[in-house]
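Next come the chains, spelled out residue by residue.
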Amino acid sequence: MISIKGLTKKFLIQHKEITAVDDLSLTIKKGEIFGVIGYSGAGKSTLIRLINRLEEPTSGSVIIGDKEITNLRKGELRNARQNIGMIFQHFNLLWSRTVSENISFPLEIAGVPKDEREKRVQELIQLVGLAGRENAYPSQLSGGQKQRVGIARALANDPKVLLCDEATSALDPETTNSILDLLVDINERLGLTIILITHEMHVIQKICNRVAVMENGKIVEQGEVIDVFLKPKHSVTKKFVEQVMGNEEGDLTEIIDDHSAGKLVRLHFIGETANQALISTISKQFNIEVNILQGKINQTKLGAYGTLTVQILGEIEEIDRTITFIKEETSIEVEVLAHA
Amino acid sequence: MLKELFPNVVLEDLLVATGETFYMTLLALVGTVIFGIILGLLLYLTSNGNLWKNKGFNYIIAAVVNIFRAIPFIILILLLIPFTTFLLGTFRGSNAALPALIIGSAPFYARLVEIGLREVDKGVIEAAQSMGAKTKTIIFKVLLPESMPALVSGATVTAIALIGYTAVAGVIGAGGLGDFAYYYGFVRRDFDVVFVCTVLIIIIVFIFQFIGDMITKKLDKR
């Protein structure tokens, strides 16, 4: 659906050349939610603005559908942009226009007749859940409501692609979740391809199918969200995963010292298996006791994943049988940390 | 009572002078706003980082604006006499004051317009671009509406400066309260005339300021 090839953007800042996006290639499938994560200065903001040419690329190409965006002339680009919605961190609404008038703006640009505009605006207001606020001005809305206006406005001309530039970074956690739910909803309902950039792993974990991790203008790691979470390879990715998982390695030595009886085992849950009632199964089936010491399970779009550190108490043979059972009968990975 | 306090004030003459002041101020204001917005837009759009970024063009407009702002109004009005004569066939009267009033205050207003436009959120312009808006659409549907309170309060400041300028325009026989106060009051040593004219000018200034503030407040939805 979207293919980016060898995309490069160089800026001249005080006579020094800075490469914000460095020979980057990427393919995004139709209908998926693709996340790009990176720290500030990684070039992700520049990347998303290169896609609709708010920044002109130094070299490389962007192809959306069958249109080569990077080859279009000015007028053609303006038409193409009407099919690429964009939402922003600071919403960028016109304060002089009401909610309805803001949503109507892209329709005015596209030359939609007035009565049709009004009908479409009403639909969009329903879609984003802003009924009753049509005549409010942006200054009378909360951050979440403003972003809903932003989303409605971006969807007005029925785009195929939605670009989200740090769309939830200015919102509190609860509002962030409701906006993310809305994005998933429109992704499923309208079959929209969504590209979002963020510095919050939480956002990626919650709604993305695939993720790319950016550093210094390059993609250092990409793949299915769950794979990236489970086996982060690059150090930047590891840091982002720690954002939501916490750093487990740190206080483990203390746990091992305190729990010298039985066996200390770490269970890795991958994908959907986390729903199995593992702990109660093994404690019923085997003559052992399970003591949960530490753990964290996260829900992603593709299922739950995470780790549990447990202490298994009982006869050594019984414990070994339990571990063999988990290894062979479930898809949970077992790692034995210490013996008694 | 009024006759005793202000023995030299002739009501009809005073009304005519007040009318002339309003006439010149309002007409000059319309011209100033039109030319000022055009110049201000050009100053803004051609400046660094904006839609029509053009260093050379920006420099030329800025130079023209600065030159006309630098010339004292009394000199400007005299310098423009040949131009006014060419335009209107005469250089005397209220209408003859208009070119000088507009040329004198449009550059001043243009700077206020430029400042107002610079306050428009760059993100909003970017959002409009991301929707595929033409430059024309951005000017008329984003830049001007979003800076409207600044444009109106700038016009209010300019209108009040214009009231002062109309008094100076008395040197070419433009009429108005300032002219009236000088020739019929100060020159004849009839200071009651000077006093009444001054009070009227103050009232006019207050009226303009009040209306300007009211419109600005009504427009500002931030």
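Residues numbered from 1 in each chain as written. Chains lettered and ligands numbered in written order. Predicted model: local features only at pLDDT ≥ 70, side-chain atom pairs only at ≥ 80, totals over all residues. Heavy atoms only, no water.

A. Representation of the UniProt feature "domain: ABC transmembrane type-1" (unreviewed entry) in chain B in the model. Under the present numbering, the feature "domain: ABC transmembrane type-1" (unreviewed entry) in UniProt falls on residues 18–212 of chain B. Helix and strand shares over residues 18–212 of chain B are 81% and 0% respectively, and the end C-alpha atoms of the span are 20 Å apart. (UniProt positions renumbered as here; feature names shortened; annotations may be inferred. Helix = DSSP H or I, 4+ residues; strand = E, 2+ residues; numbered from the N terminus.)

B. Summary view of the nonpolar core. Ranked by internal contacts, the top residues of the largest apolar core, which has 54 residues, are I4 of chain A together with L143 of chain B. A total of five residues in this core trace back to one element, the largest contributor, which is helix α8 (residues 135–146) of chain B. Residues A156, I179, V184 and I204 of chain A belong to the second largest nonpolar core, which totals 53 residues. (Core = buried A, V, L, I, M, F, W, Y, C linked by side-chain atoms within 4.5 Å. Buried < 20%, exposed > 50% of the residue type's maximum accessible area, 1.4 Å probe, protein only.)

C. Focus on the domain arrangement of chain A. Residue and element names in this part refer to chain A. Each assigned domain of chain A is listed with its residue range as follows: domain 1 (2–244) and domain 2 (252–339). Summarising the inter-unit geometry, the C-alpha centres of domain 1 and domain 2 are found 40 Å apart. Of the residues lining the interface, 13 residues belong to domain 1; the matching set on domain 2 comes to 13 residues. Around 1000 Å² of area is buried between domain 1 and domain 2 when both sides are counted, 57% of it from carbon and sulfur atoms. A per-residue breakdown of the area domain 1 buries against domain 2 is headed by Q205, I226 and L230, which together make up 50% of the total. For the pair domain 1 and domain 2, the number of links is zero salt bridges. (Domains from an automatic or database assignment. Contact = heavy atoms within 4.5 Å. Buried area = accessible area lost by both parts, 1.4 Å probe. Salt bridge = Lys/Arg side-chain N within 4 Å of Asp/Glu carboxyl O.)

D. Inspection of empty space enclosed by the protein at higher detail. One pass over the structure, following the stated rule, counts three cavities of 30 Å³ or more. A volume near 120 Å³ is recorded for the largest cavity. Secondary structure elements with two or more residues in the lining of the largest cavity: β6 (84–88) and α5 (143–155) of chain A together with α7 (122–130) of chain B. For the lining of the largest cavity, the residue count by class is eight nonpolar, four polar and two charged. What lines the second largest cavity is simply C164, E166, A167, T168, L180, L183, L196, I197, T198 and V203 of chain A. The set of elements that each furnish at least two residues to the lining of the second largest cavity consists of α6 (173–190) and β8 (193–198) of chain A. (1 Å grid on protein atoms, 1.4 Å probe; cavity = no way out; pocket = protein on both sides within 12 Å on 5 of 7 lines; lining within 4 Å. Points joined across faces, edges and corners; volume = space filled by probe spheres on them. Nonpolar A, V, L, I, M, F, W, Y, C, P; charged D, E, K, R; others polar.)

E. Main features of the layout of surface pockets. There is about 880 Å³ of room inside the largest pocket. Residue lining of the largest pocket: 24 residues in total, with L54 and R81 of chain A together with N50, L51 and Q129 of chain B positioned closest to the centre. Those elements giving two or more residues to the lining of the largest pocket turn out to be α2 (74–81) of chain A together with α2 (11–45), α7 and α8 of chain B. A per-class count over the lining of the largest pocket returns nine nonpolar, four polar and 11 charged.

F. Structural view of the interface of chain B and chain A. Across the contact, 22 residues belong to chain B and 22 residues belong to chain A. Of the roughly 2000 Å² buried between chain B and chain A, counting both surfaces, carbon and sulfur atoms make up 62%. Area buried by chain B at its contact with chain A is led by S130, M131 and K221 of chain B, which between them contribute 33% of it. Across the chain B-chain A interface, the total number found is two salt bridges. Between R49 of chain A and E126 of chain B there is a salt bridge; the shortest N-O distance is 2.7 Å. The interface formed by chain B and chain A contains seven residue pairs in polar contact (both at pLDDT 80 or more). Contributing elements (two or more residues each) for the side of chain B that touches chain A: α7 and α8 of chain B. Ranked by residues supplied to the side of chain B that touches chain A, first place goes to α7 of chain B with seven residues. Looking at side-chain class alone, the side of chain B that touches chain A contains nine nonpolar, five polar and eight charged residues. (Polar contact = N/O pair within 3.5 Å; in protein donor to acceptor, adjacent residues only side chain to side chain.)

G. Broad picture of the packing of aromatic side chains. All names here are of chain B. Taken as a whole and assessed by the stated rule, the structure comprises eight aromatic pairs over all chains. Ring centres 6.2 Å apart and planes at 25 degrees place the aromatic pair F22 and F208 in the stacked group. Placement of the pair is F22 in helix α2 and F208 in helix α11 (residues 191–219), with a sequence separation of 186 residues. The interplanar angle of 85 degrees and the centroid separation of 5.0 Å between the aromatic rings of Y182 and Y183 together place this pair among those described as edge-to-face. Accessibility expressed as a relative area gives 43% for Y182, which makes it partly exposed. Assessed through its relative accessible area of 39%, Y183 is described here as partly exposed. By the ring-pair criterion, three or more aromatic residues cluster together here, those being Y182, Y183, F186 and F191. The ring of F186 has R189 lying over it, and the distance from NZ or CZ to the ring centre is 5.2 Å. (Phe/Tyr/Trp six-rings, centres within 6.5 Å; stacked < 30°, edge-to-face > 60°. Lys NZ or Arg CZ within 6 Å of the ring centre and 35° of its normal.)

H. Representation of α2 of chain A within the structure. When we look at burial in α2 of chain A, the residues that qualify are L77, A80 and R81 of chain A. Angularly, the buried residues of α2 of chain A cover 100 degrees about the axis, an arc narrow enough to put them on a single face. On its buried side, α2 of chain A packs onto β5 (67–68) and β6 of chain A together with α7 of chain B. (Arc of directions from axis to C-beta.)

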